[in-house]
Amino acid sequence: ADGSYLALVIAKVTATPPANTVSFDGVVKSITPAGASNPAGTTAVATWLVDTTKVLVSRATVVRGDPKVGDRVHVEGLRSADGTVAAALVAKIVP
């Protein structure tokens, strides 16, 4: 009876940081098509530059209005630690 414990299980518990959901409007500065910079065997993701934000557009992204370079768009998605946004939605804003 020395006050010590015998552990049956030791588990590391980590809290998942909250998703950093973002929504913003901006002008499409460039579009790099899927496959242009992706290594073979990875998910095809296009890289769009919206104002100064790198936006990743995949097959899971809902794209509305056929946006092109120079168009104003609305973007919704998750911002990663490096500032890149994985887009859930990119919609062309019609003036």
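Check the entry above for the structure.
Rules behind the numbers
- Residues numbered from 1 in each chain as written.
- Predicted model: local features only at pLDDT ≥ 70, side-chain atom pairs only at ≥ 80, totals over all residues.
- Heavy atoms only, no water.
- Helix = DSSP H or I, 4+ residues; strand = E, 2+ residues; numbered from the N terminus.
- Buried < 20%, exposed > 50% of the residue type's maximum accessible area, 1.4 Å probe, protein only.
- Contact = heavy atoms within 4.5 Å.
- Areas by Shrake-Rupley, 256 points an atom, 1.4 Å probe, with all protein chains shown as cover.
- Core = buried A, V, L, I, M, F, W, Y, C linked by side-chain atoms within 4.5 Å.
- Patch = residues over 30% accessible without salt bridge, like charges linked within 9 Å, V, L, I, M, F, W, Y side chains within 5 Å.
- Salt bridge = Lys/Arg side-chain N within 4 Å of Asp/Glu carboxyl O.

Participant: Would you mind going over the overall build of the protein chain in detail, with residue names and values included?
Facilitator: In terms of regular secondary structure, the protein chain is built from 0 helices and 6 strands. Reading the secondary structure of the protein chain in the N-to-C direction produces β-β-β-β-β-β. Within the protein chain, buried positions represent 25% of all 95 residues. Within the protein chain, residue pairs in contact and separated by at least 24 positions form 52% of the contacts whose partners lie at least 6 positions apart. As displayed, the protein chain has an accessible area near 6,800 Å², and 58% of this comes from carbon and sulfur atoms.

Participant: Would you mind going over unusual backbone geometry in detail, with residue names and values included?
Facilitator: Unusually for a residue other than glycine, Asp51 sits at a positive phi of about 55°. Tracing the backbone through its elements, the reader meets Asp51 in the loop between β2 (46-50) and β3 (53-57). Its relative accessible area of 33% is what places Asp51 among the partly exposed residues. The backbone of Asp66 shows a phi angle near 55°, a positive value even though the residue is not glycine. Relative to the helices and strands, Asp66 resides in the loop between β4 (62-64) and β5 (72-79).

Participant: I'd like a rundown of the nonpolar core, residues and numbers included.
Facilitator: Core analysis: the largest hydrophobic core is formed by 13 residues, its most contacted members being Phe24, Trp48, Val50, Val55, Val75 and Val90. Breaking this core down by element, the ones donating at least two residues are β1 (21-32), β2, β3, β5 and β6 (85-92).

Participant: I'd like to hear about a nonpolar patch on the surface, residue by residue, with values.
Facilitator: Together, Leu6, Leu8 and Val9 give the surface a local cluster of nonpolar side chains, amounting to about 430 Å² of exposed area. Checked against the element boundaries, Leu8 lands in the segment before β1.

Participant: Tell me about the pattern of salt bridges, and please be specific about residues and values.
Facilitator: With the rule as written, the count across this model stands at 2 salt bridges. Close ionic contact of Lys68 with Asp66 constitutes a salt bridge, the shortest N to O distance being 2.9 Å. The partly exposed category is assigned to Lys68, whose relative accessible area is 45%. In this structure, the salt-bridge partner of Asp71 is Lys92, at a minimum N-O distance of 3.6 Å. Separated by 21 residues along the polypeptide, Asp71 in the loop between β4 and β5 and Lys92 in strand β6 bring together distant segments of the chain. Given the relative accessible area of 18%, Asp71 is considered buried.

Participant: Now, about the environment of Ala87: what can you tell me, with residues and values included?
Facilitator: Note on placement: Ala87 falls in strand β6. Residues Ala87 and Trp48, 39 residues apart in the sequence, show an inter-C-alpha distance of 9.9 Å. Beyond its immediate stretch of four places on either side in the chain, Ala87 contacts Val55, Leu56, Thr61, Val75, Glu76 and Gly77.

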